[in-house]
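# Report on the structure
Residues per chain are reported as follows:
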Amino acid sequence: APSTGLRTHPGSGSPRAPPLFPVQMRRILLTLLLFAVAPANALVVDLNTEHDGRSVFHITSFGYEADGVFQLDLSNFVLLVPSAHQNEYHETMTKDKLVFVLQHAQSGGVRVEEGSGEGCFHQTDKNLGPNDQVISLPFPVIADKKPLKKTLKISEPGSYHLYFSNCLPGTKIGFKLELTQYNVIAGEKVYLSAGKAVLPTLYGLLCVAFLGTFIAWCIYLCREHKHVVSIHLLMGVVALFKSLTLFSEAFEYHWLKTSGRPHGWNIAFYIFSFLKGMLLFTVIVLIGTGWSYLKPYLTERDKQVMLVVIVVQVMVNVAMVMLDETAPGAIGWLTWRDLLHLLDMLCCCAILLPIVWSIRHLSAASGRDGKAQRDAGRLKQFRKFYMLVVSYIYITRVVVFLLDATLPFEFTWLANVFSECTSLVFYLITGFLFRPRGRNPYLKLDTEEDDDPELNAEPIPMQGSS
């Protein structure tokens with residue numbers, strides 16, 4: 001008997017020895033090595049799972065219009081059972097115990113993600129409704145690895161969640177699954193979910209809006225070139241990469257809509273999104289420290305914050321790639337999702353620290369003789385920027401998530417548009433608050449007036465400062 005204590009059902013083939021590197025580790029290494037060339041599975045979902053002991057797990061979700069099509073292609077199914085009970089898993093024992101559940105819902109929220117609960121998932125009344133579909137695996141699929149093909153035509157519009165449910169305690173399964181889901185609109189196949197079909201057009205319009213913002217910013221910098229400092233140039237670069245991100249995302253969603261696969265545009269999206277995210281958080285930190293418009297250097301503490309932000313952003317982007325390149329039903333997908341959220345929130349907290357330090361320093365300095373009026377203006381602006389950043393983080397990390405989970409399936413695009421419009425407003429207000437101008441309230445602080453020992457640390461020159 002294998003060291004795991006498990007054997008395949010008779011007729012299903014001999015179990016393979018556990019690989020030296022787990023499947024999830026191989027996927028991580030492959031993604032890191034082939035970051036720029038790994039294709040996304042996108043809406044034509046390809047899922048490979050091995051030695052999976054979960055009793056139930058969510059595979060994917062899709063918004064169907066009336067007469068939408070669901071196609072399932074299952075192959076290489078393997079059932080691993082405890083060696084002590086190998087002869088007990090016959091046809092009667094496995095009947096209706098291994099099933100796919102296509103669950104109907106009115107919103108995008110998933111009821112169960114993965115794990116085990118009391119009772120069998122698909123045999124619990126509260127988990128099944130009148131419009132839910134249960135696809136049981138026939139015994140030849142379980143015992144003889146025969147492929148299973150199933151096509152369903154959806155009659156009731158809504159958001160549908162696909163689960164796999166295993167009600168054989170102590171067993172593990174493995175299979176290869178390909179899912180094709182689409183709606184038929186005006187005689188054409190639309191592979192985007194019903195609530196996302198308008199996103200290619202909307203992302204194109206948002207790309208034009210951000211590109212217009214970038215052009216307007218460049219024109220303004222040319223007019224006020226005497227007062228332009230390095231931070232203003234970086235702000236323009238952020239707007240440029242944001243427009244490029246939306247440009248690649250618009251084409252990615254266009255090909256997802258027409259063919260179900262991104263045709264390489266996901267690679268451009270990953271690259272531009274990575275650069276945009278790095279630059280955005282870096283610019284927010286630099287504005288918070290007052291670099292280039294209050295002081296031409298970064299202190300040791302500022303450098304440490306910058307290092308934390310850059311490292312965390314790299315980790316966030318790796319986690320994002322893992323999420324996009326792996327079906328939600330894969331082992332470890334939820335771990336990567338939670339890691340992404342955790343790292344993202346850590347990065348958001350890190351970028352707030354320099355703003356808080358600047359507010360504290362200006363609050364202490366505003367009471368000194370001869371400086372009250374000047375520092376009060378700076379303090380007011382930094383407090384505005386702090387509230388702006390907090391609002392931006394809350395809306396894009398919390399409100400958008402709630403919208404996506406609670407909106408009716410045909411309006412889930414509103415969450416994406418609301419997030420991008422929030423970003424546009426954030427860019428515009430930040431640009432307005434820190435625009436170059438002749439009578440700028442942000443005059444350079446005299447170093448002899450700074451009593452904060454941390455701000456009086458030995459300056460570390462930074463290239464490009466003015």
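Computed from a predicted structure; not experimentally measured. (Residues numbered from 1 in each chain as written. Predicted model: local features only at pLDDT ≥ 70, side-chain atom pairs only at ≥ 80, totals over all residues. Heavy atoms only, no water.)

Along the backbone of the protein chain there are ten helices and 13 strands. Split into buried and exposed, the 466 residues of the protein chain put 48% on the buried side. Long-range pairs, those at least 24 residues apart, make up 84% of the contacts in the protein chain between residues at least 6 apart in sequence. Here the protein chain has roughly 22,300 Å² of accessible surface; of this, 62% comes from carbon and sulfur atoms. (Helix = DSSP H or I, 4+ residues; strand = E, 2+ residues; numbered from the N terminus. Buried < 20%, exposed > 50% of the residue type's maximum accessible area, 1.4 Å probe, protein only. Contact = heavy atoms within 4.5 Å. Areas by Shrake-Rupley, 256 points an atom, 1.4 Å probe, with all protein chains shown as cover.)

According to the stated counting rule, one finds 21 aromatic pairs in the structure shown. With centroids separated by 5.4 Å and ring planes inclined at 50 degrees, the aromatic side chains of Phe164 and Phe175 adopt a geometry described as tilted. Residue Phe164 is located in strand E9 (residues 158-166), and its partner Phe175 is located in strand E10 (residues 172-185); the two are separated by eleven residues in the primary sequence. The class of Phe164 is buried, set by a relative accessible area of 0%. For Phe175, a relative accessible area of 3% gives the class buried. With a centroid separation of 6.0 Å and 75 degrees between ring planes, the pair formed by Phe247 and Trp265 is classed as edge-to-face. With Phe247 in helix H5 (residues 230-259) and Trp265 in helix H6 (residues 265-289), this pair connects stretches of sequence that are 18 residues apart. What makes Phe247 partly exposed here is its relative accessible area of 38%. One aromatic cluster is present, built from ring pairs that chain together Phe57, Phe77, Phe100, Phe164 and Phe175. (Phe/Tyr/Trp six-rings, centres within 6.5 Å; stacked < 30°, edge-to-face > 60°.)

Here the focus is the confidence of the model for the protein chain. Confidence in the prediction for the protein chain averages 79 pLDDT; 77% of positions are at 70 or higher. Of all the helices and strands in the protein chain, helix H1 (residues 23-33) carries the lowest mean pLDDT, 41, while helix H4 (residues 199-223) carries the highest, 96. The model gives residues 1-42 a pLDDT under 50, and that stretch makes 80 contacts with residues more than four places away or in other chains. In this model residues 442-466 is a low-confidence stretch, pLDDT under 50, and it forms 61 contacts with partners more than four residues away in sequence or in other chains. (pLDDT = per-residue confidence, 0-100.)

Before going further, it helps to spend a moment on the environment of Val285. Tracing the backbone through its elements, the reader meets Val285 in helix H6. The spatial distance from the C-alpha of Val285 to the C-alpha of Lys303 is 9.9 Å, given a sequence separation of 18 residues.

The next thing to look at is the state of the cysteines. Using the criterion set out here, one finds one disulfide in the structure. At a sulfur-sulfur separation of 1.5 Å, the disulfide partner of Cys120 is Cys167. Judged by the sign of its S-S torsion, about 70 degrees, the bond between Cys120 and Cys167 is right-handed. Note that Cys120 is positioned in the loop between strand E6 (114-115) and strand E7 (133-136) and Cys167 in the loop between E9 and E10, a separation of 47 residues in sequence. By relative accessible area, Cys167 is classed as buried at 14%. (Disulfide = S-S within 2.5 Å.)

Below, the discussion takes up the packing of H5 against helix H10 (residues 413-433). Orientation of H5 relative to H10, taken along the N-to-C sense of each, is 165 degrees, at an axis distance of 11 Å. By the angle class used here, H5 and H10 are roughly antiparallel. The two elements H5 and H10 meet at a crossing, and its hand is left-handed. Of H10, the residues touching H5 (which contributes Met235, Val238, Ala239, Lys242 and Leu246) are Glu420, Ser423, Tyr427, Thr430 and Gly431. Tallied by class, the residues present in the contact of H5 with H10 amount to five nonpolar, three polar and two charged. (Axes fitted to C-alpha atoms, helices over the stretch in contact; angles between N-to-C directions. Parallel < 35°, antiparallel > 145°, perpendicular 65-115°, else oblique. Left-handed = near helix turned anticlockwise from the far one by under 90°. Nonpolar A, V, L, I, M, F, W, Y, C, P; charged D, E, K, R; others polar.)

The next point concerns the side chain of Ser165. Mapping Ser165 onto the fold places it in strand E9. We classify Ser165 as buried; its relative accessible area is 0%. Beyond its immediate stretch of four places on either side in the chain, Ser165 contacts Ser55, Val56, Lys97, Leu98, Val99, Cys120, Phe121 and His122.

With that settled, consider H4. Counted at 1.5 Å a residue, the expected span for H4 with its 25 residues is 36 Å, and the 36 Å between its end C-alpha atoms agrees. Inspection of H4 places Leu199, Pro200, Tyr203, Leu206, Cys207, Phe210, Thr213, Phe214, Trp217 and Leu221 among the buried residues, and these make up the whole buried set. Packed against the buried residues of H4 are H5 and H10. (Expected span 1.5 Å × (residues − 1).)

The next subject is the pattern of salt bridges. Going through the model one piece at a time under the given rule, you end up with seven salt bridges. Asp52 serves as the salt-bridge partner of Arg54, at 2.7 Å between the closest nitrogen and oxygen. The class of Arg54 is buried, set by a relative accessible area of 11%. For Asp338, the salt bridge is made with Arg337, and the minimal N-O distance between the two is 3.2 Å. (Salt bridge = Lys/Arg side-chain N within 4 Å of Asp/Glu carboxyl O.)

Judged by nonpolar contacts, the single largest core of 61 residues is most densely connected at Ile231, Ile284, Val309, Ile351, Phe385, Val389 and Phe426. Of all the secondary-structure elements, those providing two or more residues to this core are H4, H5, H6, helix H7 (300-325), helix H8 (333-365), helix H9 (372-406) and H10. Here this core takes 14 residues from H8, the largest share from any one element. Core analysis: the second largest hydrophobic core is formed by 32 residues, Val45, Ile59, Ile135 and Phe175 among them. (Core = buried A, V, L, I, M, F, W, Y, C linked by side-chain atoms within 4.5 Å.)

Inspection of the secondary structure puts Phe418 in helix H10. For Phe418, a relative accessible area of 35% puts it in the partly exposed group. Sequence spacing of Phe418 and Val400 is 18 residues, and the spatial spacing of their C-alpha atoms is 7.2 Å.

Moving on, we get to the environment of Ile284. With respect to the helices, strands and loops of the structure, Ile284 is situated in helix H6. On the basis of relative accessibility, which here comes to 3%, the residue Ile284 falls in the buried class. For the pair Ile284 and Ile351, spaced 67 residues apart in sequence, the C-alpha separation works out to 6.5 Å. In this structure Ile284 touches Ile351, Ile355, Phe385, Val389 and Phe426, once residues within four positions along its chain are discounted.

Time to look at the pairing of strand E3 (residues 56-64). Regular strands place side chains that alternate from one sheet face to the opposite one. Within E3, eight of the nine residues are buried, which leaves it mostly tucked inside the rest of the structure. Note: E3 against E9, eight bridges, orientation antiparallel. The residue bridging Ser61 from the neighbouring strand is His161, located in E9. (Pairing = 2+ DSSP bridges.)

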